[in-house]
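Structural features, examined
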Amino acid sequence: MKKISQVVIAFCILFSGFSFAQHTVSYKVSGLKNSRAYLLSKYGSTFKIVDSCIATQGNIVFNHSASLPAGVYRIAFADSLFTDIILNHENVRLSSHISTLSDSLKVLESKENQVYHEYWIISSHIQDTIDLISVAGNKIYEENGHKLTPALDSMARKTYQLSAQLDQITNQLIIKNPGLYVTKLLKAYVTPDWLAYKKTPGAKIYKNKNAFLKEHYFDNVDFSDSTLLYSEVFYVLCNDYLSGFVNPETDTGYINAVDFILGKAQPESPVYNYLLDLLVNTFEDTEWEETFIHLVDNYLLKNTCTPDEHDKTLGERVAVMKQLKPGNKAPEIILNDIDGRPRSLAGIEAKVTLLVFWSSTCEHCEKVMPQLQHIYAGYHPLGLEILAISADTDKKSWVDAINRQGLKWINVADLKGFQSPVIKAYNAFSTPTFFLLDHEKKIISHPYSPKAMMEGMEKAFGK
């Protein structure tokens, strides 16, 4: 009995010790009216509410931050105002004034946020200067007929120097503050140093900095560190890499890029799974269909023993997309027009047929319709016909939109919305979606913009 009592006492002491391991987040916002405030966790580009409180006399207090993983969080209040902070198992005390929220922010307690705030002030000032130079440079570039000038060269050097200055300051903060979560974030955002790399023994020779960064852009990012998922590091850097180091002319560049990015992470790790989801979502419903197919076929389905319903759906979409490649016969369409008469794709006699998937509630569709009407007016006498398939579910809304916009081509619908078998057969889950067909109803192209459509039209009609 004595031994049992000792164990119970020891357990109680241990448990009571854990109960005191609490950290609070307190934020004094002068001028803030009594209202509810929220603490949100960040995961890539998304936010999730993890706590809330009533701000009383400008005091926002969250008492349950100890159990939250280290990462970037957002304190949101007054409908649209917010302050981002770092939580890493320490008390956080801040103060500010609601009218000058960022400029008056003070970190009263929390080493993580003192460093984070110091970096934010410096980087904001430098980035604002770079933005001003860029605006002025773009104006000069336009005024000089897109020709480079000595003034533009000087501006480019200045922005390069400012970026290098920010990297130098960031590196100093990293060295001075080892072991912090914010240090990992700062390190990830530092651009790899090409000049320093060239001095290392056996360094590979690159023709310029851009070529170096295309292979070394992620050198300062730890892809094995899943705590970085609780920030926007991977989201920002992956998007920056895709926009800055890929030639957006063909799918080949994007396929090489996604292979490069995914090759940085250990398969099936949390970081790898996040990156795969990010890339799939990035290329879904874009003109880069081959890249999307590559991701689904070679990563999402290939590396999954038992795909879930979402993965199966994407797999089915990819199967449909493969059937819709140029040269293939377009799936037959038989739907009723606004008068209830069945109209078929096969029954359309035209040199070229343009399929348009749209809906009366799609704002972008309404903006595109005048351009389509212009194309129709010019090419209909030459043998163009448009078959517009609506994703509407309400007939009145559909018919009213046709009459309001004066859409004179063939309009059909089954009023089943995106559950329509025709919508599924053409993978037309975003509107507007276009397909250009020849006289045999074979797919010529799948344009994603009126400009691409006009180019396809000119090619199809030889003018």
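Up top you'll find the structure we're talking about.
Residues numbered from 1 in each chain as written. Predicted model: local features only at pLDDT ≥ 70, side-chain atom pairs only at ≥ 80, totals over all residues. Heavy atoms only, no water.

1. Focus: the state of the cysteines
Per the counting criterion, the structure on display carries 1 disulfide. The partner cysteine of C362 in its disulfide is C365, sulfur to sulfur 2.5 Å. Linking C362 and C365, the disulfide has an S-S dihedral of approximately 85 degrees and is accordingly described as right-handed. Take C362: its relative accessible area is 10%, and that puts it in the buried class. (Disulfide = S-S within 2.5 Å. Buried < 20%, exposed > 50% of the residue type's maximum accessible area, 1.4 Å probe, protein only.)

2. Some words on the layout of surface pockets
Here the second largest pocket defines a volume of roughly 540 Å³. Looking at the second largest pocket, it is lined by 20 residues, and the ones nearest its centre are E287, S445, H446, P447 and Y448. The set of elements that each furnish at least two residues to the lining of the second largest pocket consists of helix 10 (289–300) and helix 15 (450–461). Tallied by class, residues from the lining of the second largest pocket come to 9 nonpolar, 4 polar and 7 charged. (1 Å grid on protein atoms, 1.4 Å probe; cavity = no way out; pocket = protein on both sides within 12 Å on 5 of 7 lines; lining within 4 Å. Points joined across faces, edges and corners; volume = space filled by probe spheres on them. Helix = DSSP H or I, 4+ residues; strand = E, 2+ residues; numbered from the N terminus. Nonpolar A, V, L, I, M, F, W, Y, C, P; charged D, E, K, R; others polar.)

3. Some thoughts on the pattern of salt bridges
According to the stated counting rule, one finds 16 salt bridges in the structure shown. One salt bridge connects D84 with R74, and the closest N-O pair in it is separated by 2.7 Å. Taken as a pair, D84 in strand 6 (residues 81–87) and R74 in strand 5 (residues 71–77) lie far apart in primary sequence, 10 residues in all. The class of D84 is partly exposed, set by a relative accessible area of 21%. In this structure, the salt-bridge partner of D297 is K322, at a minimum N-O distance of 2.7 Å. One end of the pair, D297, is in helix 10; the other, K322, is in helix 11 (residues 309–323), and 25 residues separate them in sequence. D297 sits in the partly exposed class, given a relative accessible area of 27%. A single network of salt bridges, built from pairs that share partners, joins K42, R74, D84 and E232. (Salt bridge = Lys/Arg side-chain N within 4 Å of Asp/Glu carboxyl O.)

4. Some words on helix 11
Between its first and last C-alpha atoms helix 11 spans 21 Å; for 15 residues at 1.5 Å apiece the expected length is 21 Å, and the two agree. Regarding helix 11, the residues found buried are D311, L314, G315, R317, V318 and M321. Down the axis of helix 11, the buried side of the element spans an arc of 160 degrees, and every buried residue falls inside it. Summarising the geometry of helix 11, the exposed residues directed more than 90 degrees from the buried face are E309, E316 and Q323. Looking at the buried positions of helix 11, the neighbouring elements they touch are helix 9 (270–283) and helix 10. (Expected span 1.5 Å × (residues − 1). Arc of directions from axis to C-beta. Contact = heavy atoms within 4.5 Å.)

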